[in-house]
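Secondary and tertiary structure notes
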Amino acid sequence: MKELFRRAPKAFTPGEQTPDQQTPDNMWVKCPSCGELTYVKQLRDNLKVCRCGNHMRLSAVEWTGLFDSDTFVEHDGNITPLDPLNFVSPKDNYAQKLRESQHSTGLYDAMIGGEASLMGQPLQVTITEFEFIGGSMGSVFGEKIARAAERAYELRVPLLTINASGGARMHEGVISLMQLPKVNLALARLGSVGMPHIAVMTDPCYGGVLASYASVADIIIAEPGARIGFAGRRVIEQTIRQKLPANFQSAEFLLEHGMIDMIVPRNEMRLTLARLLRLYTTRDTSAAPIAADV
Amino acid sequence: MKTALTAWDKVQISRNVQRPRTLDYVRILCDDFFEFHGDRRYADDAAIVAGVGRIMGRSVMIVGHQKGRDTRENMKRNFGMPKPDGYRKALRLFHHAEKFALPVICLIDTPGADPSMESESRGQGNAIAENILVMAQLRTPLVSFVIGEGGSGGALAIGVTDRIFMLEHSIYSVAAPEASAAILWRDSSKAADAAKTMRITAQDLHEMGIVDAIVPEPEGGAHLDPENTVRKVGDLIMNSLEELSAIPTQTLLDQRYQKYRVIGAFDTLTTNQHGNGEPLVFP
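Residues numbered from 1 in each chain as written. Chains lettered and ligands numbered in written order. Predicted model: local features only at pLDDT ≥ 70, side-chain atom pairs only at ≥ 80, totals over all residues.

1. Some remarks on the overall build of chain A
Our working rule: By the criteria applied, helices consist of DSSP H or I runs no shorter than four residues and strands consist of E runs no shorter than two, each listed in order from the N terminus. We call a residue exposed when 12 or fewer other C-beta atoms sit within 10 Å of its C-beta, buried when the count reaches 20 or more, and partly exposed for counts in between; the C-beta positions come from the backbone. Throughout, a pair of residues is in contact if the C-beta atoms placed from their backbones lie within 7 Å.
Scanning chain A from N- to C-terminus turns up ten helices and 13 strands. Among the 294 residues that make up chain A, the fraction classed as buried is 52%. Restricting the contact set of chain A to residue pairs at least 6 apart, pairs at least 24 apart contribute 68%.

2. A short note on the nonpolar core
Where we set the bar: Put simply, a nonpolar core is buried Ala, Val, Leu, Ile, Met, Phe, Trp, Tyr and Cys residues tied into one set by C-beta atoms within 7 Å.
Counting residues in hydrophobic clusters, the biggest one holds 167 residues, and the most contacted among them are Ala149(A), Val63(B) and Ile132(B). If one sorts the elements of this core by residue count, helix 5 (residues 139-155) of chain A sits on top with eight residues. When near neighbours in sequence (up to four residues on either side) are disregarded, Ala149(A) contacts Leu159(A), Ala186(A), Leu187(A) and Leu190(A).

3. Describing the environment of Phe94(B)
All names here are of chain B. Among the secondary structure elements, Phe94 is positioned in helix 4 (residues 84-99). In the structure, Phe94 is positioned 64 residues away from Ile158 in sequence and 9.5 Å away in space, judged by C-alpha atoms. Filtering out sequence-adjacent residues up to four positions away, Phe94 remains in contact with Val104, Val134, Met135 and Leu138.

4. Quick notes on the interface of chain B and chain A
This is how it is decided: For this classification, Asp, Glu, Lys and Arg are treated as charged, while Ala, Val, Leu, Ile, Met, Phe, Trp, Tyr, Cys and Pro are nonpolar and the rest, including Gly, are polar. The criterion for strand pairing is that DSSP finds at least two bridges linking the strands in question.
Contact residues are listed per partner, giving 64 residues for chain B and 79 residues for chain A. The element best represented in the side of chain B that touches chain A is helix 6 (residues 124-137) of chain B, accounting for ten residues. When its residues are assigned to classes, the side of chain B that touches chain A shows 33 nonpolar, 23 polar and eight charged. Relative to strand 9 (residues 266-268) of chain B, strand 4 (residues 79-81) of chain A is paired through three bridges, and the arrangement is antiparallel. Each bridged residue has a counterpart across the sheet, and for Thr80(A) the counterpart in strand 9 of chain B is Asp267(B).

5. Some words on the packing of helix 7 (residues 179-192) of chain A against helix 6 of chain B
Note the threshold: A fitted line through C-alpha atoms represents every axis, and for helices the fit uses only the stretch in contact; the resulting angles, taken between N-to-C directions, go from 0 to 180 degrees. Each crossing is labelled by how the near helix is turned from the far one, with a counterclockwise turn of less than a right angle marking it left-handed and a clockwise turn marking it right-handed.
Relative to each other, helix 7 of chain A and helix 6 of chain B sit at 65°, their axes nearing to 9 Å. The hand of the helix 7 of chain A/helix 6 of chain B crossing is right-handed. Residues Leu180(A), Pro181(A), Asn184(A), Leu185(A), Leu187(A) and Ala188(A) of helix 7 of chain A touch helix 6 of chain B, and the partners they reach there are Ala129(B), Ile132(B), Leu133(B), Ala136(B) and Gln137(B). When the residues that make up the contact of helix 7 of chain A with helix 6 of chain B are grouped by side-chain class, the tally is nine nonpolar, two polar and no charged.

6. Structural notes on unusual backbone geometry
Of the consecutive residues Asp203(A) and Pro204(A), the connecting peptide bond is found in the cis state with omega at -10°. Within the secondary structure layout, Pro204(A) lies in strand 10 (residues 197-206). You will see that Phe79(B), though not glycine, has its phi angle at about 55°, which is positive. Within the element layout of this structure, Phe79(B) appears in the loop between helix 3 (71-77) and helix 4. Its 16 C-beta neighbours within 10 Å are what place Phe79(B) among the partly exposed residues. The residue Arg186(B) is not glycine, and still its phi comes out positive at about 50°. Tracing the chain through its elements places Arg186(B) in the loop between helix 8 (177-185) and helix 9 (191-197). Residue classification places Arg186(B) among the exposed residues on the basis of 10 C-beta atoms within 10 Å.

7. Re the domain arrangement of chain A
Often, the extent of an interface is quoted as the loss of accessible area on bringing the components together. Residue and element names in this part refer to chain A. Which entries qualify depends on this criterion: Segmentation of the chain into domains, including their bounds, is taken from an automatic or database domain assignment.
Each assigned domain of chain A is listed with its residue range as follows: domain 1 (26-54) and domain 2 (57-281). Computed from C-alpha atoms alone, the centre-to-centre distance between domain 1 and domain 2 is 24 Å. Taken together, the contacts link five residues of domain 1 with five residues of domain 2. In terms of residue class, the side of domain 1 that touches domain 2 is built from two nonpolar, two polar and one charged.

So this is what it looks like as structure tokens:
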């Protein structure tokens, strides 16, 4: 691995955000589920949940609005991926793919990590960016969760992971695979001091993310309709040569099969997380009640 | 003199039907062995064999993937692709090993975890994740040896260990070459290209610092001299376990943490990223 670090780093600088990438507020967005058109502004006010109930995917930056205003502070925002395999194929070039994704998302990789507070309660957080090569889990992704878990361990605060990922980053090969134990080792250490890891699974959560930290979180929350699984639907259909039921691998299917703790709609996420955090971190019975307490 | 083999040649050798499998290792290395069955929850998965045996006078826990040699055996063993029940059997026996201070030997030889509706419904992802989490903290030495195919999470679920070794013509990958080609290029017939591009050979992994040592095979592959190959593997495992057993448990766990903690290829810049868009306002 030292060899890889010594290799001259390629400079990947994310592109400047150009004005035409910003969606004007007067544009319509079509719901991929029901087909209905909604104003962008109206949709944003509704946390990008369509009237039909479809939870559209949020960017990592959009999710940071979950926390108390201006409390999210990014850590490790300067870590960038390398191309350890020198991955070039006739159809695919990792270095170029990284540059394109960095340009379109403004991020160096598919993950942001940092600290925040949620209704006054401090925590460490990681949020995936699905638009960056399908939120895939490579070296930077793994490193950022490991560091967030280690900070949570040092500070004795909970860890919240918000996830949307297609699985391991193929272009970093077995190095991506080895991020699974790297992350779980850090989580085991966090667990040893009695601090919880809460995972929020949004659409979709597959492969490496599920087979490492997300499915062994102390508390697993899914958004309604999120698709969650180890093997992809297409792979299973090819293997068994028959169509799978429509609700297979949905959050509702997983709840029924005992794989997750609860399904929480987006507009209740903030309050739900705050109440859970209080149960695990506040031992003082006289602590102030949380607004809109049930 | 050996001729240079391509990555795809090695994939073929690693899958050779006569290649020594876990039960061959048990037969050649153990002077006593009992196979233990079942996960105590649902089933006994024949894609993973596990049990306690004695090698060179020492009691050990052996857990390994088991492929078949003919169609009937492959049906029974699901081509070495474990279901959650198999991983949970392994998990049970990892705890068992810790309880009785037995060192653990994991023999890896799987195309990957079973992809089926049944396995998904019983939590394939969770079964693998749980094993990774428990192996990370297990208070007994663990050694893994890739004796054939190291297929993705299906391999890693019995592969988080203090030492990782590979046979010369074995492979270890984030996804099987066919699956890699399908995921990357939507064309599983490009498996040979994927095998080369993804750097999955024992030599690749050794160069990346992930694998601790490689055991050479006879020219043409281990199946041409199973007895000798298996004995060489056994020697390395037992030497390694002797060394690991001398390390105090907490030091062993700290070293295991560091072993995986340093894996990753990234650079640190002086400027931070600035993601596009605005935070939403959550109620």
